[in-house]
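Chain by chain, the residues:
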Amino acid sequence: MNDLLELYQELILDHNRRPRNQAELDRPDRTADGYNPLCGDRVRVEVRLAGGVIDDIRCAGTGCAISTASGSLMSEAVKGKTVDEAHALFDRFRRLVTEEQGEGDSPGLGKLEALAGVRRFPGRVKCATLAWHTLNAALDKHDGEITTE
Ligand code: ZN
């Protein structure tokens, strides 16, 4: 039970209850839809770019607490970042939720580290990375829906 409590810690609960960046964007430059069939999570990511920078982002969808909170945290983390920085952040986030890391081996990901506990629940890793995969698809101009499978 301790692990689960850690997984659903306060920050995750807060972002699940009040996900950020839900407002539909006016004329987004990129959009992508993501689907995680293992859990049923769906997410839509809309991005407005300005000179290679993510000027504004919307991440909205339906799904479990982990996917909703992760999408909300992702949208906050990448807003104002360049496309390259967003890709690099995803690489580090993916390592955070999939690899065991030693004590004090903090990747310096700020609020995103709230999701580190997901790595002990392999079935939930796709919930935590869905929004990021969908962001990548939007930035790479991938057409149609992407899935985690
Ligand atoms: Zn899920």
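Here the structure is a predicted model, which means the values were calculated and not measured.

Cut-offs and rules
- Residue numbering note: each chain is counted from 1, following its sequence as written.
- Given that this is a predicted model, residues contribute local features only at a pLDDT of at least 70 and side-chain atom pairs are listed and counted only at 80 or more, while totals for whole chains, interfaces and linings are drawn from all residues.
- As a rule here, side-chain values come from all non-hydrogen atoms in the structure, and water together with hydrogens is ignored.
- Only when DSSP finds a minimum of two bridges between them are two strands counted as paired.
- Only DSSP runs of H or I with at least four residues qualify as helices, and only runs of E with at least two residues qualify as strands; both kinds are numbered from the N terminus onward.
- Between the N-to-C directions of two axes lies an angle of 0 to 180 degrees, each axis being a line fitted to C-alpha atoms and, for a helix, fitted only over the stretch in contact.
- Burial classes follow relative accessibility: with a 1.4 Å probe on protein chains only, a residue under 20% of its type's maximum area counts as buried, one over 50% as exposed, and anything between as partly exposed.
- By the definition adopted for this analysis, an angle is roughly parallel if under 35 degrees, roughly antiparallel if over 145, roughly perpendicular if from 65 to 115, and oblique otherwise.
- Helix crossings fall into two classes, left-handed where the near helix is turned counterclockwise from the far one by less than a right angle and right-handed where it is turned clockwise.
- What makes two residues a contact is simply this: any of their non-hydrogen atoms within 4.5 Å.
- Following the grouping adopted for this structure description, the nonpolar residues are Ala, Val, Leu, Ile, Met, Phe, Trp, Tyr, Cys and Pro, the charged ones are Asp, Glu, Lys and Arg, and the polar ones are all others, Gly among them.
- Distances up to 2.8 Å from the metal define which N, O and S atoms are donors, and 3.2 Å serves for Na, K and Ca; water is absent from the atom set, so sites may look incomplete.
- Here a helix's expected span is defined as the number of its residues, less one, multiplied by 1.5 Å.

## Focus: the sheet that holds strand 4 (residues 145-147)
For step 1, the next point in the chain: Read from one edge of the open sheet, 4 strands run 3-2-1-4, paired in mixed fashion. A single partner strand is all that each edge strand has here, and the edge strands are strand 3 (53-62) and strand 4. Strand-to-strand twist of the sheet, defined as the mean angle between neighbouring strand axes without regard to direction, takes the value 25 degrees.
For step 2, the next point in the chain: Pairing between strand 1 (residues 30-36) and strand 4: 3 bridges, direction parallel.

## Here's the deal with the pairing of strand 1
Along any regular strand the residues' side chains alternate between the sheet's two faces.
For step 1, the next point in the chain: Residues Arg-30, Ala-32, Gly-34 and Asn-36 point to one face of strand 1 and are all buried, whereas Thr-31, Asp-33 and Tyr-35, pointing to the other face, are not buried.
For step 2, the next point in the chain: In this sheet, strand 2 (residues 41-50) lies alongside strand 1 in antiparallel orientation, the contact comprising 7 bridges. If you follow Ala-32 over to strand 2, its bridge partner there is Val-45.
For step 3, the next point in the chain: What sits between strand 1 and strand 2 in their antiparallel hairpin is a turn of 4 residues, with Gly-40 showing a positive phi close to 90 degrees.

## Brief notes about unusual backbone geometry
For step 1, the next point in the chain: Its identity is not glycine, yet Asn-21 carries a phi of approximately 55 degrees, on the positive side.
For step 2, the next point in the chain: You can see Asn-21 is positioned in the loop between helix 2 (10-17) and strand 1.
For step 3, the next point in the chain: The backbone phi angle of Arg-27 is positive, close to 50 degrees, even though this residue is not glycine.
For step 4, the next point in the chain: Residue Arg-27 is classed as exposed on the basis of its relative accessible area of 67%.

## A word on the packing of helix 4 (residues 83-98) against helix 5 (residues 125-139)
Helices that pack against each other are described as a pair by the angle of their axes relative to one another and the distance between those axes.
For step 1, the next point in the chain: Axis separation between helix 4 and helix 5 bottoms out at 11 Å; the angle between their running directions is 165 degrees. For the element pair helix 4 / helix 5, the angle class is roughly antiparallel. As for how helix 4 packs across helix 5, the hand of that crossing is left-handed. Facing helix 4, whose interface residues are Val-83, Ala-86, His-87, Leu-89, Phe-90, Phe-93, Arg-94, Val-97 and Thr-98, helix 5 presents Val-125, Ala-128, Thr-129, Trp-132, His-133, Leu-135, Asn-136 and Leu-139.
For step 2, the next point in the chain: Within the contact of helix 4 with helix 5, the residues separate by chemical class into 11 nonpolar, 5 polar and 1 charged.

## Some details on the coordination of the zinc ion
For step 1, the next point in the chain: Distances from the zinc ion to its protein donors, Cys-39 (SG), Asp-41 (OD), Asp-41 (OD), Cys-64 (SG) and Cys-127 (SG), fall within 2.2 to 2.7 Å.
For step 2, the next point in the chain: Linear spacing of the donor residues for the zinc ion on their chain is C-x1-D-x22-C-x62-C. Highlighted residues: Asp-41 in strand 2 and Cys-127 in helix 5, separated in sequence by 86 residues.
For step 3, the next point in the chain: For Asp-41, a relative accessible area of 1% translates into the label buried.
For step 4, the next point in the chain: Residue Cys-127 is classed as buried on the basis of its relative accessible area of 1%.

## Notes on the environment of Glu-99
For step 1, the next point in the chain: Positionally, Glu-99 belongs in the loop between helix 4 and helix 5.
For step 2, the next point in the chain: Here the alpha-carbon distance between Glu-99 and Arg-120, two residues 21 residues apart in the chain, equals 9.4 Å.

## Considerations on helix 3 (residues 65-78)
For step 1, the next point in the chain: The terminal C-alpha atoms of helix 3, which comprises 14 residues, lie 20 Å apart, in line with the 20 Å expected from a rise of 1.5 Å per residue.
For step 2, the next point in the chain: Within helix 3, 13 of the 14 residues are buried, leaving the element largely enclosed by the surrounding structure.

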